[in-house]
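# Coordinate inspection notes
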Amino acid sequence: MKQYFFSIPALCLIFAAGIFCGAETVPLAEMWHSTVIDLRFFRMLGALFIGGALSLSGMVFQAVLRNPLAEPYTLGVSAGAGVGAALAFVTGLHALSIFSVPLTALGGALVTLLLVLFISRDGGGEKLLLSGV
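One structure accompanies this document, and this report is about it. (Residues numbered from 1 in each chain as written. Predicted model: local features only at pLDDT ≥ 70, side-chain atom pairs only at ≥ 80, totals over all residues. Heavy atoms only, no water.)

## Some details on the environment of L110
Relative to the assigned elements, L110 resides in helix α6 (residues 100-119). L110 gets classed as partly exposed once you look at its relative accessible area, which sits at 46%. Separated by 32 residues in sequence, L110 and S78 have C-alpha atoms that sit 9.9 Å apart. (Helix = DSSP H or I, 4+ residues; strand = E, 2+ residues; numbered from the N terminus. Buried < 20%, exposed > 50% of the residue type's maximum accessible area, 1.4 Å probe, protein only.)

As structure tokens, then:
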């Protein structure tokens, strides 16, 4: 608990700096009544939640595979997602819906992960990383 003591104040400081600092300087008295605060606040809020979701998904990925070195790049999952997205463009699925490219990327990532897990089913964590690479 002691090592995380400065995390919350640092997060609040970075969040406030993202709102108040920018290319356009707006006086503090006018900050709350302008569109700048609306745009910057929701941009920083989105960055906070998306960054938290990415770190949580990385932690779940490592916990499920029981390997601290497991990440989408070393296991080939990100490359599989790229192949799935490219297939959506090559086959013309991207014209059907706005969700077709993300869904085919997800499908490519899942197929790649299942293939890597199938290849490394007999070995330990070392074989899992080597199968992904």
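## Considerations on helix α1 (residues 7-20)
End to end, α1 covers 20 Å across 14 residues, agreeing with the expected 20 Å (1.5 Å per residue, within 8%). Listing the buried residues of α1 in full gives F15, G18 and I19. The buried residues of α1 all sit within an arc of 100° when viewed along its axis, so they share a single face. When the buried face of α1 is taken as reference, the exposed residues oriented beyond 90 degrees from it are L13 and I14. (Expected span 1.5 Å × (residues − 1). Arc of directions from axis to C-beta.)

## Looking at the packing of aromatic side chains
Any aromatic ring pair is given by two values, namely how distant the centres are and how the planes are angled relative to each other. Per the stated rule, a full pass over the model turns up two aromatic pairs. Measuring from centroid to centroid gives 5.8 Å for F15 and F41, while their planes differ by 85°, and the two rings are edge-to-face. Residue F15 is located in helix α1, and its partner F41 is located in helix α3 (residues 35-65); the two are separated by 26 residues in the primary sequence. The buried category is assigned to F15, whose relative accessible area is 17%. Ring geometry for F41 and F42: centres 5.4 Å apart, planes at 75°, overall edge-to-face. Of the residues examined, F41 reaches a relative accessible area of 30% and is grouped as partly exposed. A relative accessible area of 54% means that F42 is categorised as exposed. Members of the aromatic cluster, joined through ring pairs, are F15, F41 and F42. One residue, R121, lies across the ring of F118, its end atom 4.3 Å from the ring centre. (Phe/Tyr/Trp six-rings, centres within 6.5 Å; stacked < 30°, edge-to-face > 60°. Lys NZ or Arg CZ within 6 Å of the ring centre and 35° of its normal.)

## Comments concerning the layout of surface pockets
Counted as a void, the largest pocket has a volume near 230 Å³. Lining the largest pocket are 13 residues, and of these S57, G58, F61, P72 and V77 lie nearest its centre. Take the lining of the largest pocket: its biggest share by element is five residues, from α3. Its residues placed into classes, the lining of the largest pocket shows nine nonpolar, three polar and one charged. (1 Å grid on protein atoms, 1.4 Å probe; cavity = no way out; pocket = protein on both sides within 12 Å on 5 of 7 lines; lining within 4 Å. Points joined across faces, edges and corners; volume = space filled by probe spheres on them. Nonpolar A, V, L, I, M, F, W, Y, C, P; charged D, E, K, R; others polar.)

## Description of the side chain of R40
Tracing the backbone through its elements, the reader meets R40 in helix α3. Of the residues examined, R40 reaches a relative accessible area of 7% and is grouped as buried. One polar contact links the side chain of R40 to the main-chain carbonyl oxygen of I19, over a distance of 3.1 Å. (Polar contact = N/O pair within 3.5 Å; in protein donor to acceptor, adjacent residues only side chain to side chain.)

## As for the nonpolar core
Judged by nonpolar contacts, F61, L65, A70, L75, V77, A109, L113, V116, L128 and L129 together constitute the single largest core of 10 residues. Taken together, the elements giving at least two residues each to this core come down to α3, α6 and α7 (125-132). When residues of this core are assigned to their parent elements, the largest contribution, three residues, is made by α6. Those residues in contact with L113 that sit more than four places away from it in its chain are F61 and V77. (Core = buried A, V, L, I, M, F, W, Y, C linked by side-chain atoms within 4.5 Å. Contact = heavy atoms within 4.5 Å.)

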